[in-house]
Amino acid sequence: MKKYWKIIYEGILPSNPVFVLLLGMCATLGTTSSAMNGLMMGIATAAVLICSNVVVSAVKNLVPDKVRIPAFIVIIATFVSMLQLLINAFMPALNASLGIFIPLIVVNCVILGRAEAFASRHSVFESLLDGLGCGLGFTFALTLLGATREILGTGKLFGLTLFPEDYGMLLFVLAPGAFIALGYLIALVNRLRKVS
């Protein structure tokens, strides 16, 4: 049982895809202008990660080595297409907000990296746990970055006003603010990892 908790925990902090491995930067920087966008992008990516890890692990012995990576991409693309159709049908506002970043989940290094490094070498259950851990870590990172940018840029958090918008710093809503906020959060996470 301890082994399974370790697999989940590994993706949340020690090997966090954003703060430690620095993977998935396109989605991380592009979608985190608010905490809600970061949360929803994280959940969407986590769903694809978990499902693709399970399927990759289940078919790993059926796929020849020569076509392993293309097969993984097709599996990931299938889940992303399903996800995009669901979001478009039931959450059009979210689809409009995240835009092109939903289809770009297909080429997210976090998903392909976990499929290659973990799911193709472990059992289905362990791959599910790995996908869950990395998905939680990715969602946590995007939500934290989005919350930081939203608070500093607009004075709100999840749309709730914390302080008047006049005191917000427009820089953090724009692209350069994403880099600055991410840099400080990575430094904070590195400091916390050294302390513990």
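Our structure is the block above this text.
Residues numbered from 1 in each chain as written. Predicted model: local features only at pLDDT ≥ 70, side-chain atom pairs only at ≥ 80, totals over all residues. Heavy atoms only, no water.

Engineer: Just to check I follow, could you spell out the side chain of Ser52 for this structure?
Structural biologist: Examined against the element boundaries, Ser52 turns out to sit in helix α3 (residues 35-59). A distance of 2.8 Å separates the side chain of Ser52 from the backbone oxygen of Val48, its partner in a polar contact. Apart from the residues lying within four places of it in its own chain, the contact partners of Ser52 are Ile75, Ile76, Phe79 and Ile111. (Helix = DSSP H or I, 4+ residues; strand = E, 2+ residues; numbered from the N terminus. Polar contact = N/O pair within 3.5 Å; in protein donor to acceptor, adjacent residues only side chain to side chain. Contact = heavy atoms within 4.5 Å.)

Engineer: Can you help me understand the nonpolar core in this one?
Structural biologist: One recurring pattern in soluble globular proteins: nonpolar side chains tend to sit buried together. Core analysis: the biggest nonpolar cluster contains 38 residues, and Val18, Phe19, Met41, Val48, Ile105 and Leu182 have the highest contact counts within it. For this core, the secondary-structure elements that each account for two or more residues are α2 (25-30), α3, α4 (68-90), α5 (92-98), α6 (109-119), α7 (124-154) and α8 (175-195). A per-element tally of this core places α4 first, with seven residues. (Core = buried A, V, L, I, M, F, W, Y, C linked by side-chain atoms within 4.5 Å. Buried < 20%, exposed > 50% of the residue type's maximum accessible area, 1.4 Å probe, protein only.)

Engineer: Would you mind showing me how to read the packing of α3 against α7 here?
Structural biologist: What describes two packed helices is the angle between their axes and the distance between those same axes. For the pair α3 and α7, interaxial distance at closest approach is 8 Å and the crossing angle is 165°. Accordingly, the angle class assigned to the pair α3 and α7 is roughly antiparallel. Between α3 and α7 the crossing geometry is right-handed. For the contact of α3 with α7, the per-class residue count stands at 17 nonpolar, 11 polar and two charged. (Axes fitted to C-alpha atoms, helices over the stretch in contact; angles between N-to-C directions. Parallel < 35°, antiparallel > 145°, perpendicular 65-115°, else oblique. Left-handed = near helix turned anticlockwise from the far one by under 90°. Nonpolar A, V, L, I, M, F, W, Y, C, P; charged D, E, K, R; others polar.)

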